[in-house]
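Below, each chain spelled out in residue letters.
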Amino acid sequence: MTLVEAAFWSVVHGFAMPAVVLPALVVGWMAPRAGIAVLGGVAIAVALFLYSHAFGSLPEGATVIWWLLPLGLVPPVAWALGSFLVFRRLRALAGGDRSHPGLRAIDAVVGALVGAVVLGAAALAAGSLYADLAQVSSFEGAAGYLVVFGFGVPGILLGLMAGAVLGWRRRRRPATVS
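For the structure given in this document, a descriptive report is provided here. Bear in mind the structure is a predicted one, so any value in this text is a computation, not a measurement.

1. Some thoughts on the overall build of the protein chain
Next, step 1: Within the protein chain one finds 6 helices and 0 strands.
Next, step 2: Listing each helix as α and each strand as β along the protein chain from the N terminus yields α-α-α-α-α-α.
Next, step 3: For 178 residues, the compact-globule formula gives about 16 Å, and the C-alpha radius of gyration of the protein chain, at 21 Å, lies well above that figure.
Next, step 4: Each of the three principal axes of the protein chain carries a C-alpha extent, and together these read 70 × 50 × 20 Å.
Next, step 5: Among the 178 residues that make up the protein chain, the fraction classed as buried is 26%.
Next, step 6: Sequence-distant contacts, at least 24 apart, represent 77% of the contacts inside the protein chain between residues at least 6 apart.
Next, step 7: When the 11 positive and 6 negative side-chain charges of the protein chain are each reduced to one mean point, those points stand 28 Å apart.

See the structure below:
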């Protein structure tokens, strides 16, 4: 594979990675201006690069081609800016009505995704801690099953529901005082 092909497929892969797409969609939805969406995309790219080099390793004989590194900015910035523009258009279609059902539904979906990730990660961490403290046997994966099915799946489901409810309630109509 040539260098050009490798760079092309690296960018294409970045557009399909959930670790890029989901945070960029959330950043684009929450950004008040396009510049903030672009900065959020850059922050996602930098965080993923730092994470991959702190916890990952390159294959034997591979090196980082530093002058191609800015190509890694393209997918998260494109997703963040694109979602910002789509959500800005949806807000304009709502005509300034903050409690528009379309906006509330999008908030519910974003809330469900964020809630599932946050509560799922917290539940997996709690399950792992519990398995260590309770000295659950790892024979035939018993500790892993406990962590994933006893803590992880319920945490993800609870996060989905709680995030969706909180996202839906985020844009409700304020109570009128008479």
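Once you've had a look at it, read on.
2. Observations regarding the packing of helix α1 (residues 3-16) against helix α4 (residues 74-93)
Next, step 1: Two elements in contact, α1 and α4, have axes separated by 8 Å at closest approach and are oriented at 40°. With respect to their mutual orientation, α1 and α4 come out oblique. The two elements α1 and α4 cross, and the hand of that crossing is right-handed. Mapping the contact onto sequence places Val11, Gly14 and Phe15 in α1 and Val74, Pro75, Ala78 and Trp79 in α4.

3. Notes on the nonpolar core
Next, step 1: Grouped together as the largest cluster of nonpolar side chains are 6 residues: Trp29, Phe87, Ala94, Leu103, Ile106 and Val110.
Next, step 2: Take this core: its biggest share by element is 3 residues, from helix α5 (residues 101-133).

4. Brief notes about the layout of surface pockets
Rolling a probe over the atoms, with the probe sized like a water molecule, indicates the empty space that remains.
Next, step 1: Estimates place the volume of the largest pocket at around 1000 Å³.
Next, step 2: As for the largest pocket, its lining consists of 30 residues, and the residues nearest its centre are Ser10, Phe49, His53, Leu69 and Gly72.
Next, step 3: Tallied by class, the residues present in the lining of the largest pocket amount to 21 nonpolar, 9 polar and no charged.
Next, step 4: As for the second largest pocket, its lining consists of 15 residues, and the residues nearest its centre are Val110, Gly111, Val114, Gly163 and Gly167.
Next, step 5: Of all the elements in the fold, those that place two or more residues in the lining of the second largest pocket are α2 (18-30), α5 and α6 (142-170).

5. Section: the side chain of Asp107
Next, step 1: With respect to the helices and strands, the residue Asp107 is situated in helix α5.
Next, step 2: When neighbours within four sequence positions are excluded, Asp107 is seen to be in contact with Trp29, Gly167, Arg170 and Arg171.

6. Remarks on the packing of aromatic side chains
Next, step 1: Overall, the coordinates contain 6 aromatic pairs when judged by the stated rule.
Next, step 2: When the ring of Tyr51 is compared with that of Phe55, the centres are 4.9 Å apart and the planes differ by 50°; the resulting orientation is tilted. Of the two residues, Tyr51 and Phe55 are both situated in helix α3 (residues 34-55); the distance of 4 residues between them amounts to about one turn of the helix. For the pair shown, Tyr51 and Phe55 are each scored as exposed.

What counts, and where the lines are drawn
Residues numbered from 1 in each chain as written. Predicted model: local features only at pLDDT ≥ 70, side-chain atom pairs only at ≥ 80, totals over all residues. Heavy atoms only, no water. Helix = DSSP H or I, 4+ residues; strand = E, 2+ residues; numbered from the N terminus. Rg over C-alpha atoms; globule rule 2.2 N^0.38 Å. Buried < 20%, exposed > 50% of the residue type's maximum accessible area, 1.4 Å probe, protein only. Contact = heavy atoms within 4.5 Å. Lys, Arg positive; Asp, Glu negative; His and termini not counted. Charge placed at Lys NZ, Arg CZ, Asp CG, Glu CD. Axes fitted to C-alpha atoms, helices over the stretch in contact; angles between N-to-C directions. Parallel < 35°, antiparallel > 145°, perpendicular 65-115°, else oblique. Left-handed = near helix turned anticlockwise from the far one by under 90°. Core = buried A, V, L, I, M, F, W, Y, C linked by side-chain atoms within 4.5 Å. 1 Å grid on protein atoms, 1.4 Å probe; cavity = no way out; pocket = protein on both sides within 12 Å on 5 of 7 lines; lining within 4 Å. Points joined across faces, edges and corners; volume = space filled by probe spheres on them. Nonpolar A, V, L, I, M, F, W, Y, C, P; charged D, E, K, R; others polar. Phe/Tyr/Trp six-rings, centres within 6.5 Å; stacked < 30°, edge-to-face > 60°.

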